[in-house]
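# Coordinate inspection notes
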Amino acid sequence: MRAAAAMTLPASTAPVSYPGLLSRALASRSFVAGFIGTALIAAMALLSFFWTPYDVTQLVVADRMQPPSAAHWFGTDQFGRDILSMIMVGARNSIAVALVAVGIGMGIGVPLGCLAAARGGLADEVVMRFNDVVFAFPALLSAVMITAVFGPGAVNAIIAIGIFNIPVFARVARAGALALWPREFILAARAAGKNRTQITVEHILPNISTMLLVQGTIQFALGILAEAGLSYVGLGAQPPMPSWGRMLFDAQTRMIVAPWQALFPGLAIVITVLALNLLGDGIADALDPKLRRRQ
Amino acid sequence: MSLLEIENLSVTIGDGPILRGIDLSVQAGETVGLVGESGSGKSMAALSVMRLLPEGARAAGAIRFDGKDLLAADEAAMVRLRGNAVGMVFQEPMTALNPLKTIGEQVAEGIRWHTGASRAVAEQRAAGMLDRVGLPPSRFPLSRYPHQLSGGQRQRVVIAIACALGPKLLIADEPTTALDVVLQAQILDLLRELVAESRMGLLLISHDLAVVTEMADRIAIMRAGEIVDGGDTAVVLSAQSHPYTRQLALASTHVPAHRQPTASVTAPAKRGLPPDGHSHGDTPLLEVTSLTRDYTGQRRSLFSRDPPIRAVDDVSFTMFPGRSTALVGRSGCGKSTLARLVLALDTPTAGQIRFLGEPMTGGSDATQKRLRRDMQVVFQDPYGSFNPRHRAERLVAEPLHLLDPPPDAATRRDMAASALHEVGLSAADMGKYPHEFSGGQRQRLSIARAIITRPKLVVADEAVSALDVSIRAQVLDLFAELNRRLGIAYLFITHDLNVAQAITDDVLVMHEGRIVERGPTAAVFDNPRSEAAKALVSATPDLHRAIRRKLEEQG
């Protein structure tokens, strides 16, 4: 098809080559670093399904409160469980809860925000007032309430955290879209007869994707913390299933005598959030054609 | 000794030279014009004097102001100088003012900072200065905010800030580019008076040769970071000995090759008929009848509103195939609102728009598509009118979904390639993003998108006003050629009469929402009858007239 087109072109014989998104992404340092970090965490979580150094459900009282050693790289907790193994298994929970919660927030919030911006008027009012109502509840307390009513567990925690992500994404999407609607290229698209849905998909979404990605990584980090909070009060992942937040909260009373118990789950959270932030930045850069030539 | 003496000034950013050894001087009481096209480095020269160059720029050479070497001065000395002995006026009056502060505060701010005067004293001086620039406190109290003023009034505030402390040198960087011609004439008069009053030196930077010729005693012409020609304005422009000066002068007065009567058989017969004249059997392209658009007034309280603002007031006109019409008027006269109504991007309060004999809105989807296909648009800002994340191919092909049936991918590609070819771009540009094109190329891209469906009418909203003169000339040629070759009629919205004259047959003069004068373009501009048209005609800068006047002055 390309060849056929080139034959009919009067002015040019040079082949038109579009440099791929992937090659641009790979040229971005933050993308590569973020991708490696995220991949490591994800691989660790996947590996835990098949193998962990120790069984996380087994309590070995003789080994309790061990500092990091060759046998227990990250040390052990007060019940003698291996912290490295717990972090590996906990990664599943923390990541799954936070990711799905962000997914719920984006999946429902972004279309709502775009709809509000595209339609304006009554639709805008209804969507935004609904958002206000959700916003009016303190997120974590309400999540506690939801899980208390529907029973503790990872699934309910995901839904509870996800619901409170909806207005965040709806607002970000609406604000970004509202700033774009009066722009001339949107007017040009309207003058070309495109309807609001087409314009939203073709012009609005790609131009607010950077904003949404950044917000997504922030919400992801908050999601991990929220899950930690829920687990702390016993409404998140149920013991003996470990979770990063629960490990962190368990460790806080022993910070002086066994700092490793807090350090390693804390590091796991930091590294995951950082890697995802870098990944988000990298994707945003790769998607932005203006940065293309600098590399 | 000169007030400002720039010697062998070079500025580099990274490895790229921005200015290459320019020499320039300004005497007290003298106006020096610095002319060049965008990217020639004229703003960088101004910023070097203020030492406000962007991060990473390095300046070499010497800039002496009043005997002091500014390039060697420390930041504290520059802070004392800026806004005090050297004032600066920027292009965009909206962004040069702080929207959260009153105009009184903003003018008084510099006075207080530099003289240590108390708030009351400073505000008194500020009031005096605002009065001087034509904003008497009785009508424009100090407590006004920038958004409560019009563009021209805002630019007066910016000038008041720059001149509040009686600077010895005023640098005005494109001070009137964002204003319409009538406001431009007023602001230029004000600057001229301020120079005459206080023997202030004025460095006037502009891309508009006619404006600078009217204003400047001496002129310097910049190109690619170098001053290529300079001297007394009358001499430089009457001799036009440098080829680039000649090129700029030609481009500023450019009129596209004579427009042929259109392919339409009946069109020649209609030449000379007023645009609303009755046609015999020929379907009008566009018929606008008693069109009105009101904007709801601001809410005053829970139960009351300001009366609605009538942006377009009972406008009627008719366009015929292949015949272009200019819609001219000052900014805020409602011409862009009218354009949006015609494009059905906005809904009229009353009145009717018929395109090719059918109403633009309310028809079936198929009719809508057909009408949309025949009416396209070119906007002013060649950058803002493209989605920055799409490539040229997709941008240009955007209206193709209006075709019935929509073309497949290969056909789209072919059509995009030939549209690019028609506007003078090459098919190899299809993979580029908008930011990889220059301003003029982007406007060509805009035109390619507008003509890809072979429309009968293109609405062009200030389509060349953001372009440099030489590029503007090329784009005007392109418009004229497409009119001749494809029979496209333009509804050309502009405040620039030279542009209107260059490519349209008929003109509508709009003032405060109404059409106050209409007729063949040349006839209206040669002999304007309404006040609004007269004001526009007399305020429009004209290079030949300016040169004649300078020759008389400077002998």
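Residues numbered from 1 in each chain as written. Chains lettered and ligands numbered in written order. Predicted model: local features only at pLDDT ≥ 70, side-chain atom pairs only at ≥ 80, totals over all residues.

## Notes on the domain arrangement of chain B
Residues and elements named next belong to chain B. Looking at chain B, the domain boundaries give domain 1 (4–252) and domain 2 (282–547). Every contact between the two is made by 22 residues of domain 1 and, on the other side, 17 residues of domain 2. When residues of the side of domain 1 that touches domain 2 are traced back to their parent elements, those giving at least two are helix 6 (181–198), helix 7 (209–215), helix 8 (233–239) and helix 9 (243–252). When its residues are assigned to classes, the side of domain 1 that touches domain 2 shows 10 nonpolar, 8 polar and 4 charged. (Domains from an automatic or database assignment. Contact = placed C-beta atoms within 7 Å. Helix = DSSP H or I, 4+ residues; strand = E, 2+ residues; numbered from the N terminus. Nonpolar A, V, L, I, M, F, W, Y, C, P; charged D, E, K, R; others polar.)

## Details of the sheet that holds strand 3 (residues 31–36) of chain B
All names here are of chain B. Taken in spatial order, the 6 strands of this open sheet run 6-7-8-3-9-10, and their pairing is mixed. Single-partner strands in this sheet number two, and they are strand 6 (86–89) and strand 10 (226–232). Each adjacent strand pair in this sheet contributes to an overall mean axis angle of 15 degrees, direction not counted. Here 5 bridges tie strand 3 to strand 9 (residues 218–223), and the two strands are oriented parallel to one another. (Pairing = 2+ DSSP bridges. Axes fitted to C-alpha atoms, helices over the stretch in contact; angles between N-to-C directions.)

## Focus on the sheet that holds strand 20 (residues 514–520) of chain B
All names here are of chain B. The 6 strands are arranged 16-17-18-13-19-20 in an open sheet whose pairing can be described as mixed. Sheet topology places strand 16 (375–378) and strand 20 at the edges, where each strand pairs with a single neighbour. Strand-to-strand twist in this sheet, taken as the mean axis angle between neighbours without regard to direction, amounts to 15 degrees. Two elements, strand 17 (residues 457–461) and strand 18 (residues 489–494), share 5 bridges in a ladder whose sense is parallel. Residue pairing in the sheet places Val459 in a bridge with Leu491 of strand 18. Across the sheet, helix 15 (residues 439–451) touches strand 16 and strand 17, and the angle it forms with strand 16 is around 175 degrees.

## Concerning the confidence of the model for chain B
Residue-level pLDDT values for chain B average 87, and 95% of them are 70 or greater. In the model output, the complex is listed with pTM 0.78 alongside ipTM 0.72. (pLDDT = per-residue confidence, 0-100.)

## A look at helix 1 (residues 42–50) of chain B
All names here are of chain B. Most of helix 1 sits out of view: 7 of its 9 residues are buried. When helix 1 is considered as a whole, its buried residues turn out to be Lys42, Met44, Ala45, Ala46, Leu47, Ser48 and Val49. Where helix 1 terminates, the next one or two residues include Arg51, which has phi positive at roughly 55 degrees. (Buried ≥ 20, exposed ≤ 12 C-beta atoms within 10 Å, placed from the backbone.)

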